[in-house]
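Below are the chains, spelled out letter by letter.
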Amino acid sequence: MAHPIQQSPADPDWDINLIRNYDVAGPRYTSYPTANLFNESFTAEDYVKLAEGEQSNISPMSLYVHVPFCRDICYYCACNKIVTRKHHLVRQYLDALSLEMELRGALHSHRPVSQLHLGGGTPTYLKEAELTELMHHLSTHFRLSDKETREYSIEIDPRTVTEDTIALLKGLGFNRISMGIQDFDPLVQQSINRTQSPAMVAGLVQNIRDHHFTSLSFDLIYGLPNQSVTSFKHTVDRVIEMSPDRIALYNYAHLPSLFSNQRAIDRQTLPSADTKLAILEYVGRRLIDAGYDYIGMDHFVRPGDELEIARQNNRLQRNFQGYSTCLATDLIGLGPSAISQFGDSFSQNAKDLDPWSEVIEQGKLPIIRGLQVTEEDKLRKHVIMSLACQLTLDIAATEQQFGIDFNQHFAESLASMGDFERDGLVEITPRHINVSKRGRLLLRNICMSFDQYIQAGRGQGPGRFSRTI
Ligand code: SF4
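In this text the structure is predicted, and so the values were computed from the model without any measurement.

Quick notes on the packing of aromatic side chains
- Counting across every chain of the model gives 13 aromatic pairs.
- Measuring from centroid to centroid gives 6.2 Å for Phe320 and Phe346, while their planes differ by 85°, and the two rings are edge-to-face. With a gap of 26 residues between them, Phe320 in the loop between strand E12 (316-319) and strand E13 (322-325) and Phe346 in strand E16 (residues 345-349) connect regions that are remote in the sequence.
- Given the relative accessible area of 22%, Phe320 is considered partly exposed.
- Both rings, one in Phe410 and one in Phe450, keep their centres 5.4 Å apart while their planes meet at 75°; by these two values the pair is edge-to-face. Of this pair, Phe410 sits in the loop between helix H14 (406-409) and helix H15 (411-415) while Phe450 is found in the loop between helix H17 (443-448) and helix H18 (452-455), placing the two residues 40 residues apart along the sequence. The same class applies to Phe410 and to Phe450, which are both buried.
- Three or more aromatic residues joined by ring pairs make a cluster, and in this case those are Phe69, Tyr93, Tyr125 and Trp356.
- Note that Arg150 overlies the ring of Tyr152, its terminal NZ or CZ placed 5.4 Å from the centroid.
- Geometry around Tyr292 places Arg302 over its ring, the cationic atom sitting 4.2 Å from the centre.

A look at the packing of helix H4 (residues 128-141) against helix H5 (residues 163-171)
- Where H4 meets H5, the axes come as close as 11 Å, and the angle between the chain directions of the two elements is 10°. When the interaxial angle is binned, H4 and H5 end up roughly parallel. Residue-level contacts link Glu128, Leu131 and Thr132 of H4 to Asp164, Thr165, Leu168 and Leu169 of H5.
- Here the residues of the contact of H4 with H5 sort into 3 nonpolar, 2 polar and 2 charged.

Reading guide: rules and limits
Residues numbered from 1 in each chain as written. Predicted model: local features only at pLDDT ≥ 70, side-chain atom pairs only at ≥ 80, totals over all residues. Heavy atoms only, no water. Phe/Tyr/Trp six-rings, centres within 6.5 Å; stacked < 30°, edge-to-face > 60°. Helix = DSSP H or I, 4+ residues; strand = E, 2+ residues; numbered from the N terminus. Buried < 20%, exposed > 50% of the residue type's maximum accessible area, 1.4 Å probe, protein only. Lys NZ or Arg CZ within 6 Å of the ring centre and 35° of its normal. Axes fitted to C-alpha atoms, helices over the stretch in contact; angles between N-to-C directions. Parallel < 35°, antiparallel > 145°, perpendicular 65-115°, else oblique. Contact = heavy atoms within 4.5 Å. Nonpolar A, V, L, I, M, F, W, Y, C, P; charged D, E, K, R; others polar.

Here is the structure:
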């Protein structure tokens, strides 16, 4: 029997038995096509040609700077990072980064930068003078914004910052901070080699509030070694007391064959699939009870947050940092492994420090792969992002915008959604596809129905994607 659809932006349906049935590996759709499809046929020359043809485009853009260094390894980590105490590598990095900024700035400096994000690695691995230098180079080569509406964010590792760092970040123009928390339980922290006390984090949070940052985000992870519902309850209690504006709750994917540092985690200590689902349900319900809204795909926000408002105004988007307000469509990535989304293209920099800096020193952009988006990709991106961000797709508007007969064009996708409809995850009418409360926790699965590459079985090697739950 079909379940009746109930639309509510704030309150997903935590039907764990249903979710269990849909636990498959799938993309997070921070882009479409997804990054595993980038290839070497897209080159730095293609990027430059595109950028030179876009010189009349003066709309705002986003910048992402990847700072790859970390002081210590976190055993669960799947990021592109260099774990080192050899601080002299930072000099090599900053010198090459300033050259990359010069090369990119020559193409893009006429456009205002409405969004900036420093991620990693650990941006706060850099000393205060080095962070200042990085921001100085950025302001030399790009049109940074001084508007209140700018969104300039940085990921901080609580173990690497002091009150002085927070004051400096505010002075450098950042107005948003995100912090890796993961779990406050001492045994879990020991098992992942990341020890940070709730008291130390609470002190920093107070400091961030005192400096009037617009937004504070926490990252939490479920599925870590020695985690249980009981242990995670304490973490969630502490988090709710600290009241961050946004919370991302990620699923730990144990893929030691891809990430060698994960071999330090004893598989026997990992929670079972049922325990993971119980933790997910507990945290989800607890955060909603505490007043958070569920945006979708791992993200919770306080009511009135820009992401919730952006959803109401159809201005919510997904990019490589997750959900974001749509202040800019082009994103320029700087630093090793950084991805750019520019015009109808995606491109990615060389991943390791030496190849990345060597190409830049030759006066070339360090792009090693990417792709040119096709018209079919654009249509499917529109469908996937509408469902992921607005929780609905306007079929008539899509037909008009892309000149297609929707039912005919997506006959296979619609046919594959029979289970979703029967289980009440989506409602398909002649005019709309609506994601229900039950479907909100399974957005990745729903979006996969419209992913041409997934449907064709392309780019899906083992361990390519994390589980959807
Ligand atoms: S989780 Fe963050 S701090 Fe830890 S190793 Fe990975 S990038 Fe570095």
